[in-house]
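One letter stands for each residue in the lines below.
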Amino acid sequence: MAVFGARRRTDDFVSPVHIYEPYVVGLPPLRPYLRALWSRRQFAFEMSRTTLRSQHFDTAFGQLWLVLNPLMLGVVYFLLVDILGRGRGNRGADFLAHLLGALFAYHFVSTSLSEGAKSVTRGGRLILNTAFPRLLLPIASVLTALQRFLPTLVVYAAVHVVAGVPIGFTLLWTIPILVLLTVFAAGVAMLFAVLQVYFRDMKSFLPYLLRVWLYLSPVLYHTNQVPVRLKHVISLNPLYPLLGAWSQALAGQRPSLVFLVEGTAWAAAAIVVGGLFFLSREREFAVRL
Amino acid sequence: MSSLSASDGTGAGAGAGAVDVAVKVQRVSVRYRTSYEKKPTFKTALLRLGRRQRLVREIEALKGVSFEVTHGTVLGIVGANGAGKSTLVRTVAGILPPTEGRVEVHGRVSTLLALGIGFNRELSGRENVVLGGLAAGLGRDEIEERYQEISEFAELEDVMELPMSTYSSGMYSRLGFSVAVHMDPDILMIDEALATGDARFKKKSFEKMKQLCGEARTILLVSHALGSIQELCTEAVWIHAGELKLQDDPETVVAAYTRFLGIGDTDTALEDV
């Protein structure tokens with residue numbers, strides 16, 4: 001695709017040349033595409049910033065809401081699990097820490113997904129008028145979700161300290177795991193961004209999917225609490241290893257190698273499948289919106 | 001068709017012979033599939049399953065179109081509704097890549113197609129301008145440089161910080177036009193968007209167009225206002241049913257086109273709309 005000279009045009013001898021040719025196997029030439037993607041990264045940052053601003057999350061109360069909302073939800077789930085799981089010893093402060101840590105991370109993924117699903121259809125006019133790597137739109141959504149996620153980590157940190165969960169070097173594991181979660185979220189966001197173009201009711205169907213996905217993920221329970229007969233099914237969930245490793249790292253354990261390997265595989269699969277699917281459909285966006 | 005292509009298929013074809021070619025369209029065909037439904041949903045897709053109804057049709061918008069535009073040409077594109085004019089401009093702009101053939105564009109492109117700017121109504125005019133510019137590949141400093149000029153020309157300085165949902169349709173198109181012409185493009189593509197704002201602004205945008213034409217820019221102008229085509233353009237093409245029917249000077253093309261339409265040189269056809 002087009003490689004725009006983003007730099008200032010100083011003389012006419014270096015004017016950029018764009019060549020548009022049919023796509024091979026439905027995909028644009030990947031290397032120039034990725035180069036164009038990188039050269040326009042500013043767009044993704046600006047897009048996520050303005051999205052946050054339009055949702056008023058740049059104000060003090062907006063930030064407070066960003067933190068309060070998942071916190072309240074966490075408390076509700078904590079009480080719920082307490083009532084349902086009477087007598088099974090889930091009720092310690094360290095469980096609350098686990099619940100909040102996993103819930104906030106889950107919310108990051110689910111916000112990426114729901115924002116990503118809207119990204120292409122919302123950018124309709126821009127897509128109709130300007131040639132640019134469309135992949136920037138779902139990427140901007142993930143950046144938005146990431147910026148909404150980071151303030152909740154402050155709340156988690158407070159609960160972590162108060163609950164007396166150990167603080168050590170294993171916490172550093174959260175960084176690579178967060179990278180894996182981000183890559184995974186981006187891949188799935190790209191997938192849903194395309195689906196939304198073809199099925200506009202996807203966004204009303206998505207909340208149910210996200211709710212079920214939450215219950216299937218090790219958020220309201222620990223990975224080691226899953227009954228053996230369900231383990232095979234539940235461990236097929238990509239978020240099972242990813243959130244499992246995340247919770248282990250937060251709880252001061254070394255994340256299990258199986259989780260890390262599986263999580264990496266899921267993240268890689270999501271970004272490759274989601275990305276290629278997006279690229280293969282990208283040309284059609286201009287006539288489908 | 002003079003085939004000058006020095007380096008086919010290998011990226012930057014800045015061959016010595018092609019220095020003053022701005023746009024080169026070679027045997028371009030564009031096909032795409034689109035849905036009859038305005039808003040396709042999963043629900044209707046499911047309900048339709050039993051009925052074997054196909055709501056997707058393939059459209060052959062362009063069929064083997066070839067032409068060249070040299071730098072400094074103002075090319076008018078005429079044709080009936082649905083002839084493929086907009087598809088042609090979109091293809092040259094890189095928005096809808098061709099199914100067959102090859103398009104070569106030398107220079108920075110700015111587009112003002114049917115809908116123009118203001119893609120997100122919740123965002124302010126300023127944010128839309130910045131995002132549009134960044135998407136088009138401009139740097140922040142370049143947008144900042146032009147921003148003042150853009151809002152002044154559109155006469156919207158007071159409302160640039162307001163969400164675009166508060167704008168009137170005239171304000172929308174004024175801003176769109178202003179952004180497109182101030183991007184300092186080598187090649188400007190305008191699709192039926194000269195009808196911007198009230199009579200005064202229309203005159204102003206027409207003057208601006210004339211000025212740009214005088215600055216030896218390359219302009220591709222799609223319009224049904226045959227009068228504007230004759231006045232502004234140095235060359236014209238007539239697209240009919242996805243094929244290039246004629247490429248000549250504007251008078252000849254407009255004359256042939258109006259003869260084809262069977263309307264003659266009436267005032268309505270030439271009117272600046």
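Rules and cut-offs
Residues numbered from 1 in each chain as written. Chains lettered and ligands numbered in written order. Predicted model: local features only at pLDDT ≥ 70, side-chain atom pairs only at ≥ 80, totals over all residues. Helix = DSSP H or I, 4+ residues; strand = E, 2+ residues; numbered from the N terminus. Buried ≥ 20, exposed ≤ 12 C-beta atoms within 10 Å, placed from the backbone. Contact = placed C-beta atoms within 7 Å. Pairing = 2+ DSSP bridges. Axes fitted to C-alpha atoms, helices over the stretch in contact; angles between N-to-C directions. pLDDT = per-residue confidence, 0-100. Nonpolar A, V, L, I, M, F, W, Y, C, P; charged D, E, K, R; others polar. Expected span 1.5 Å × (residues − 1). Arc of directions from axis to C-beta. Core = buried A, V, L, I, M, F, W, Y, C linked by C-beta atoms within 7 Å. Parallel < 35°, antiparallel > 145°, perpendicular 65-115°, else oblique. Left-handed = near helix turned anticlockwise from the far one by under 90°.

### Comments concerning the overall build of chain B
What chain B contains, in helices and strands, is nine helices and nine strands. In chain B, which comprises 273 residues, the proportion classed as buried is 45%. Here the contacts in chain B between residues at least 6 apart in sequence split such that 70% fall between residues at least 24 apart.

### Focus: unusual backbone geometry
Residues and elements named next belong to chain B. Phi is positive for Arg27, close to 40°, though the residue is something other than glycine. Positionally, Arg27 belongs in strand 1 (residues 21-35). Using a count of 14 C-beta atoms within 10 Å as the deciding quantity, one classes Arg27 as partly exposed. One non-glycine residue with positive phi stands out, namely Ala241, at about 45°. Assignment of secondary structure puts Ala241 in the loop between strand 8 (235-240) and strand 9 (243-248).

### Section: the sheet that holds strand 2 (residues 56-70) of chain B
If you walk across this open sheet you meet the four strands as 1(A)-4(B)-1(B)-2(B), and the pairing is antiparallel. What marks the edges here is a single partner per strand, and that holds for strand 1 (17-20) of chain A together with strand 2 of chain B. Strand after strand, the sheet turns through a mean of 20° between neighbouring axes, direction not considered. Across four bridges, strand 1 of chain A lies against strand 4 (residues 100-106) of chain B in antiparallel orientation.

### Section: the environment of A:Asn129
Residues and elements named next belong to chain A. Locating Asn129 in the fold gives a position in helix 5 (residues 124-129). Among the residues examined, Asn129 registers 29 C-beta atoms within 10 Å and is labelled buried. Counting along the chain gives 122 residues from Asn129 to Ala251, while the straight-line C-alpha distance between them is 49 Å.

### Some details on the confidence of the model for chain B
All names here are of chain B. Residues with a pLDDT of 70 or more make up 84% of chain B, whose mean pLDDT is 81. When the criterion is pLDDT under 50, residues 1-18 qualifies, and its contacts beyond four places in sequence or with other chains add up to 17 contacts. Interface confidence in the predicted complex, given as ipTM, is 0.82; pTM for the same model is 0.86.

### Concerning the interface of chain A and chain B
Bring the parts together and some accessible area is lost; that lost area is often taken as the interface size. Contacts between the two partners involve 44 residues from chain A and, on the opposite side, 51 residues from chain B. Of all the elements in the fold, those that place two or more residues in the side of chain A that touches chain B are strand 1, helix 2 (41-54), helix 5, helix 8 (202-216) and helix 11 (257-288) of chain A. Taken together, the residues of the side of chain A that touches chain B break down into 22 nonpolar, 10 polar and 12 charged.

### A look at the environment of B:Ala136
By the element assignment, B:Ala136 lies in the loop between helix 3 (125-135) and helix 4 (140-153). Under the C-beta neighbour-count criterion, B:Ala136 is labelled buried, with 27 such atoms within 10 Å. Once residues within four sequence positions are removed from consideration, B:Ala136 is found in contact with A:Thr130, A:Phe132, B:Ser110 and B:Met183.

### Remarks on the sheet that holds strand 9 of chain B
Picture the strands of a sheet paired through backbone hydrogen bonds; they go either parallel or antiparallel. Residues and elements named next belong to chain B. Pairing is mixed across the open sheet formed by six strands, whose spatial order is 5-6-7-3-8-9. Looking at the sheet topology across the chains shown, the edges are occupied by strand 5 (109-112) and strand 9. When strand polarity is set aside, the average angle formed by the axes of neighbouring strands in this sheet is 15°. Strand direction decides the pairing type here: strand 5 and strand 6 (residues 187-191), joined by four bridges, are parallel. Counted as the bridge partner of Val109 is Ile187 from strand 6. Packed on one face of the sheet, helix 8 (residues 250-261) meets strand 3 (74-78), strand 8 and strand 9 and runs near 25° to strand 8.

### Considering helix 6 (residues 199-214) of chain B
All names here are of chain B. With 16 residues, helix 6 extends 23 Å from end C-alpha to end C-alpha; this agrees with the ideal 22 Å at 1.5 Å per step. Along helix 6, the positions that sit buried rather than exposed are Phe201, Ser205, Met209 and Cys213. Summarising the axial view, the buried residues of helix 6 lie within an arc of 120°, below the 170-degree limit, and thus occupy one face. In helix 6, the exposed positions that point more than 90 degrees away from the buried face belong to Ala199, Arg200, Lys203, Glu207, Gln211 and Gly214. In this fold, the buried residues of helix 6 make contact with strand 3, helix 5 (169-181), strand 7 (218-222) and helix 7 (226-232). Looking one or two places after helix 6, you find Ala216, whose phi comes out positive at around 60°.

### Digging into the nonpolar core
Ranked by size, the top nonpolar core spans 142 residues in total, and within it A:Phe184, A:Ala185, A:Leu242, B:Leu75, B:Val92 and B:Leu221 carry the most contacts. It is helix 7 (residues 174-198) of chain A that contributes the most residues to this core, 15 residues altogether. Excluding residues within four positions of it along the chain, B:Leu75 makes contact with B:Val69, B:Ile219, B:Leu220, B:Leu221, B:Cys233, B:Glu235, B:Ala236 and B:Val237.

### As for the pairing of strand 3 of chain B
All names here are of chain B. In terms of burial, strand 3 is a largely internal element, five of the five residues being buried. Bridging between strand 3 and strand 7 involves four bridges; their strand directions are parallel. Bridging across to strand 7, Gly76 finds its partner in Leu221.

### Considering the packing of helix 4 (residues 93-122) of chain A against helix 8 of chain A
Residue and element names in this part refer to chain A. Contact geometry of helix 4 with helix 8 gives a least axis separation of 10 Å together with a crossing angle of 165°. Between helix 4 and helix 8, the angle is such that the two are roughly antiparallel. The two elements helix 4 and helix 8 cross, and the hand of that crossing is right-handed. Where helix 4 abuts helix 8, its residues Tyr106, Ser110, Leu113, Ser114, Ala117 and Lys118 lie against Met202, Lys203, Leu206, Leu210 and Leu214. Counted by class, the contact of helix 4 with helix 8 contains seven nonpolar, two polar and two charged residues.

### Observations concerning the packing of helix 6 (residues 136-162) of chain A against helix 7 of chain A
In helix packing, the relevant descriptors are the interaxial angle and the interaxial distance, both defined with respect to the helix axes. All names here are of chain A. Closest axis-to-axis distance for the helix 6/helix 7 pair is 9 Å, and the angle between their directions is 135°. Considering the angle they form, helix 6 stands oblique to helix 7. Helix 6 and helix 7 meet at a crossing whose hand is right-handed. Facing helix 6, whose interface residues are Leu137, Pro138, Ile139, Ser141, Val142, Ala145 and Leu146, helix 7 presents Thr182, Ala185, Ala186, Ala189, Met190 and Ala193. Residues belonging to the contact of helix 6 with helix 7 are distributed by class as follows: 11 nonpolar, two polar and no charged.

### So, the pairing of strand 6 of chain B
Residue and element names in this part refer to chain B. Across the five residues that make up strand 6, a large majority, five, are buried. Along strand 6, one buried face is formed by Ile187, Met189 and Asp191 and the opposite face, lined by Leu188 and Ile190, is buried too. Strand direction decides the pairing type here: strand 6 and strand 7, joined by five bridges, are parallel. In the sheet register, Asp191 faces strand 7, and the bridge partner there is Val222.

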